[in-house]
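Topology and contacts: notes
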Amino acid sequence: MQLELIIQNKREAIQAQELGADRVELVSAISEGGLTPSYGTIKQVLENVNIPVQIMVRPHSHHFFYTEEDFQVICEDIEAIRQLGGNRIVFGALNKDRTINEVMLSKLFHLFPALDLTFHRAFDEVASQLDAYTLLANYDRNVKRILTSGGEATCVKGLKQLIQLVDLSRDLQGPAIMPGSGLSLENIQEIKQATGAKQFHFGKAVRIEQSFAKGFSKEVVEKVRYSLRS
């Protein structure tokens, strides 16, 4: 079982590592759903923790239909991450018909063949998640996991679809399905058992007063880790 925590800076990265997180997702502008962090923040985080750091690459929060200009920004950001010694990103791109933008993904993996990519919750906006998963499975050399709430606002509401996606991931031996959004200490045991997923993504539910303005709650993180192990 793997626990991934959202972080915003070096201090939170160090705290997440000390609390036993298996991996972190580094973002800025969490109130907008997460955007690309600054160069300095990325540098500080990569230099101060040993656990894997998935770095959000998202140039704006308007939508996931990226222009060629957006794509150039995305590539510049990934190159900066690469120069800092990172190769792990969180990214997702769609066509306007709400299918996966396969052309953009192909270009990205051609330019950066060593990428370890989490396809983010743009996946929850696709027309068909099963079709989208089948396409992404063709890129499992780079697409290692998909962050999703089953196409609903929370994992509880999307539970039925999450179960189907995890089953499909086993059948195709493709990217891992990582439930995220609305996970909490109260529901993680139920969702873990129902889906059979092995990776879970937590945000504000493991923070003091459930606020991204505050640090992690040691007690809650420890209890979540216990629930995942049991």
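Residues numbered from 1 in each chain as written. Predicted model: local features only at pLDDT ≥ 70, side-chain atom pairs only at ≥ 80, totals over all residues. Heavy atoms only, no water.

Right, let's get into the pattern of salt bridges. Scanning the model with the defined rule gives twelve salt bridges in all. With a closest N to O distance of 3.0 Å, aspartate 116 and arginine 145 form a salt bridge. Of this pair, aspartate 116 sits in strand β5 (residues 116-119) while arginine 145 sits in strand β6 (residues 143-148), and the two are 29 residues apart along the sequence. Overall, the relative accessible area of 5% leaves arginine 145 in the buried class. Among the salt bridges present, the one from arginine 170 reaches aspartate 167, with a minimum N-O distance of 3.1 Å. (Salt bridge = Lys/Arg side-chain N within 4 Å of Asp/Glu carboxyl O. Helix = DSSP H or I, 4+ residues; strand = E, 2+ residues; numbered from the N terminus. Buried < 20%, exposed > 50% of the residue type's maximum accessible area, 1.4 Å probe, protein only.)

Over its 16 residues, helix α3 (residues 68-83) runs 23 Å from end to end, which matches the ideal 22 Å to within 8%, given 1.5 Å per residue. Every buried residue of α3 is accounted for by Asp70, Phe71, Ile74, Cys75, Ile78 and Ile81. Axial view of α3: buried residues confined to an arc of 135°, hence all on one face. α3 presents Glu69, Glu76 and Gln83 as exposed residues on the side facing more than 90 degrees away from its buried surface. Check the buried side of α3 and you find it contacts α2 (39-48), β3 (53-56), β4 (88-91) and α4 (102-111). Looking one or two places after α3, you find glycine 85, whose phi comes out positive at around 95°. (Expected span 1.5 Å × (residues − 1). Arc of directions from axis to C-beta. Contact = heavy atoms within 4.5 Å.)

The next subject is the side chain of arginine 207. Tracing the chain through its elements places arginine 207 in the loop between β8 (199-202) and α8 (218-229). Its relative accessible area of 2% is what places arginine 207 among the buried residues. Within the structure, the side chain of arginine 207 is placed 3.1 Å from the backbone oxygen of isoleucine 6, a separation counted as a polar contact. The contacts of arginine 207, once residues within four sequence positions are left out, are Ile6, Ile7, Gln8, Glu12, Phe212, Lys214, Gly215, Phe216 and Ser217. (Polar contact = N/O pair within 3.5 Å; in protein donor to acceptor, adjacent residues only side chain to side chain.)

The next thing to look at is the packing of aromatic side chains. As enumerated under the stated definition, the model contains three aromatic pairs in all. Centroid distance tyrosine 66 to phenylalanine 91: 6.0 Å. Interplanar angle 25°. Geometry classified as stacked. Of this pair, tyrosine 66 sits in the loop between β3 and α3 while phenylalanine 91 sits in strand β4, placing them 25 residues apart in sequence. The class of tyrosine 66 is buried, set by a relative accessible area of 8%. Under the relative-accessibility criterion, phenylalanine 91 is labelled buried at 0%. Taking 6.0 Å as the distance between ring centres and 40° as the angle between the ring planes, the aromatic pair formed by phenylalanine 109 and tyrosine 139 counts as tilted. In this pair, phenylalanine 109 is assigned in helix α4 and tyrosine 139 in the loop between α5 (129-136) and β6, connecting sequence segments 30 residues apart. (Phe/Tyr/Trp six-rings, centres within 6.5 Å; stacked < 30°, edge-to-face > 60°.)

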